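Coordinates in review
The residues making up each chain are set out below.
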Amino acid sequence: MRIATLCGMGFGTSMMLKLFIDDILKAEGIRAEVVPWDLGTFKGERADIVVAPVGMESHLRGATSRVVLIQNLVDKNEIKMKILEAINELSSGKQAG
Amino acid sequence: MTDSSDVKSISLEGLIGSKTVKAQVQVVNWEAAVDGVGQLLLDAGKIEAAYIPAMKRVLKEMGPYAVIAPGIVLLHGRPEDGVLEPCLGLMTLKEGVPFGHSENDPVDLVFALGAVDKQAHVLSLKALAELLGQAEFLRKLRAAATDRQLAEIFGTTV
C-alpha cells in the first residue's frame, strides 16, 4: 500500500505529515510505503491514499486515489483516525472484490 | 538518499533563536504579520530581505494551506529565495488575523521557517509539530507576555 503526503513545496508539511504517519503505522503494526510529494511531482505519480491539508482539495480534483484531508496537521489523533479509516476502507474493499 | 542517522539534526533551541521571537504584537493584517516575523529573521542575519516577499508569494500561489492548525501558520519560502542559515521565527499576536483558511483562521501564532536544505530541517520540524499538538504548550505560547518569556519556553534565554 502506498500513501502519499501532499504539500505545496515537498518539504515542510509533507515531511511532517509523513513522519507522523510513519509513527502511527508503526504503532498499529501496519506496513505501508509513505512518500512525501509536492505539487510538481504529484501529477505523474500514483498512490492508494493521498493525505493533504484542508485547502488543497482544489488540486486534488480528479485524483483516482482515496483522498484524506486533514484540518489540523499537528493533531495526531485526527491524522490517526482518518488514515486508519481510509486504510480499513481500502483493505475491506480488496477482500470483498 | 541519506538515512536519518546521517542527518545532522538541528535542535529546536538552535533553530529558534532568542532574537527571533516576539510576543503579543498588534498587526492589522496577514501581510503585516509576515513582514513582522520576517523582520525578526532579517535582523538576526538568518535571511536576506527577498525571503519576506518570497514567503508572501508562496502563500498567495499555494493558498492558505500553511495555516496548519487552528490559529497557527507556518510560513516558508524555498531555500534559494534567500535563506542564509536554518532558522525559525515566531511572533505571537495580541489579536488573531485571517489568512484566508476556511477553518483554521484567525491566526495568532505566526511561525516562519527558513531551510537551507530539506534533510536538516525535517527532524526539528517534527519536534516542533509534536509540541504544537499539545494544548498545554500552545497555552504557554499564548500566555507569554514578553519576548523573554516566549524565548524561555523554547529553552533559549534572551
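Residues numbered from 1 in each chain as written. Chains lettered and ligands numbered in written order. Predicted model: local features only at pLDDT ≥ 70, side-chain atom pairs only at ≥ 80, totals over all residues.

As for the interface of chain B and chain A
Let me state the cut-off plainly: Contact between residues is assigned whenever the C-beta positions, reconstructed from backbone atoms, fall within 7 Å. Runs of H or I in DSSP of at least four residues are treated as helices and runs of E of at least two as strands, each being numbered from the N terminus. By the convention adopted, Pro, Cys, Tyr, Trp, Phe, Met, Ile, Leu, Val and Ala count as nonpolar, Lys, Arg, Asp and Glu as charged, and the other residues, Gly among them, as polar.
Taken together, the contacts link 25 residues of chain B with 18 residues of chain A. Only helix H3 (51-62), strand S2 (72-76) and helix H4 (118-132) of chain B provide two or more residues apiece to the side of chain B that touches chain A. Of all the elements, H4 of chain B adds the most residues to the side of chain B that touches chain A, at seven residues. Split by residue class, the side of chain B that touches chain A holds 14 nonpolar, seven polar and four charged.

What to know about helix H1 (residues 13-28) of chain A
Residue and element names in this part refer to chain A. Filter applied, for reference: Expected helix span is given by 1.5 Å per residue-to-residue step, counting one fewer step than there are residues. Comment: burial labels come from other C-beta atoms within 10 Å of the residue's own C-beta, placed from the backbone, where a count of 20 or more is buried, 12 or fewer is exposed, and between is partly exposed.
With 16 residues, H1 extends 22 Å between its outermost C-alpha atoms, agreeing within 8% with the 22 Å of an ideal straight helix rising 1.5 Å per residue. Listed as buried for H1 are Thr13, Ser14, Met15, Met16, Leu17, Lys18, Leu19, Phe20 and Ile21. Where H1 ends, the next residue or the one after it, Gly29, has phi of about 70 degrees, a positive value.

Quick look at the environment of Leu41 of chain B
Residue and element names in this part refer to chain B. Take Leu41: it is sitting in helix H2 (residues 30-43). Its 28 C-beta neighbours within 10 Å are what place Leu41 among the buried residues. Considering only alpha carbons, one finds Leu41 and Leu138, 97 residues apart in sequence, at a separation of 22 Å. When residues no more than four places from it in sequence are discounted, the contact partners of Leu41 are Thr20, Lys46, Ile47, Cys87, Gly89, Ala112 and Gly114.

Details of the nonpolar core
The criterion, for reference: As used here, a nonpolar core is made of buried Ala, Val, Leu, Ile, Met, Phe, Trp, Tyr and Cys residues. They are joined through C-beta atoms within 7 Å.
One finds Leu6 and Val51 of chain A together with Met55, Val73, Leu75, Val110 and Phe111 of chain B to be the most contacted residues of the largest nonpolar core, which totals 77 residues. The element best represented in this core is H2 of chain B, accounting for seven residues. Those residues in contact with Val51 of chain A that sit more than four places away from it in its chain are Ile3, Thr5, Leu6, Leu17, Ile21, Val68, Ile70 and Ile83 of chain A.

A few points about the confidence of the model for chain B
Residue and element names in this part refer to chain B. Here is the rule: A residue's pLDDT is the confidence the predictor assigns to it, expressed on a 0 to 100 scale.
Summing up the model confidence of chain B, the mean pLDDT is 87 and the portion of residues at 70 or higher is 89%. The low-confidence segment residues 1-9, where pLDDT is below 50, has eight contacts with residues more than four positions distant or belonging to other chains. Scored by ipTM, the complex comes to 0.76, with pTM at 0.85.

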